[in-house]
Structures are given as C-alpha cells and as structure tokens.
Amino acid sequence: MTDVGRIEADLRRTVAEILEMEPEAVTDETGAATVEAWDSLNHIRIVLAIEDAHGIRFPVARIERMTSFRSLVDATLEALAGR
C-alpha cells in the first residue's frame, strides 16, 4: 500500500469511528450533506483527530471547505506535502 493509500485508510477509519459507521461505508462522497451524524461538532472532532494523528494544522478557511471525505483526504495530503 502506498503512503497515500495508508493515509486514506487511516482517515477512513477515523471518520467511521467518529461518525459511528463502518469504514466500508465511508466513500469519497460521504460528508455533511449525506450523513446526518456529520454535524458541526463531529466535523471539528474529525479535523482535530486528523491534525493530531498527522502532526499538521489546517487553516480555518480550509476547514470550512472540508465538507466530504474526499476533501479531507485532499487537504491532508496537501498539508503533509507542505511540511
């Protein structure tokens, strides 16, 4: 598995755990618009878990645009590349 694949799998597990769903149910489209449990509190919990696990910080403007699993993955990869 590539580093990208490992990061994506880790984020999938994180999102699934916080939203109390199976990791296999987390798709690129999973997000606030498709999952009732993805409310503002869980959004912040997801972001903080990603930041803590990967030693990164997201700008507030970026956090506001992280509205789907795919956008979480993209933002994380960008932040890791920019370290």
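Preceding this section is the structure that the text describes.
Residues numbered from 1 in each chain as written. Predicted model: local features only at pLDDT ≥ 70, side-chain atom pairs only at ≥ 80, totals over all residues. Heavy atoms only, no water.

With 21 residues, the main nonpolar core has V15, I46 and F58 as its most contacted residues. Elements represented by at least two residues in this core include exactly α1 (3–19), α2 (40–54) and α4 (69–81). Considering every element that reaches this core, the biggest residue donor is α1, with six residues. Ignoring any residue separated from it by four or fewer positions in sequence, one finds I46 in contact with V15, I18, L19, W38 and L72. (Core = buried A, V, L, I, M, F, W, Y, C linked by side-chain atoms within 4.5 Å. Buried < 20%, exposed > 50% of the residue type's maximum accessible area, 1.4 Å probe, protein only. Helix = DSSP H or I, 4+ residues; strand = E, 2+ residues; numbered from the N terminus. Contact = heavy atoms within 4.5 Å.)

Spanning 13 residues, α4 covers 18 Å between terminal C-alpha atoms, matching the ideal 18 Å at 1.5 Å per step. Within the span of α4, buried status applies to F69, S71, L72, V73, A75, T76 and L80. Next to the buried residues of α4 lie α1, α2 and α3 (60–65). (Expected span 1.5 Å × (residues − 1).)

A few words on the packing of α1 against α4. For the pair α1 and α4, interaxial distance at closest approach is 10 Å and the crossing angle is 130 degrees. In terms of axis orientation, α1 runs oblique to α4. The crossing of α1 and α4 is right-handed. For the pair α1 and α4, contact is made by V4, I7, E8, L11, R12 and V15 and by F69, R70, L72, V73, T76, L77 and L80, respectively. (Axes fitted to C-alpha atoms, helices over the stretch in contact; angles between N-to-C directions. Parallel < 35°, antiparallel > 145°, perpendicular 65-115°, else oblique. Left-handed = near helix turned anticlockwise from the far one by under 90°.)

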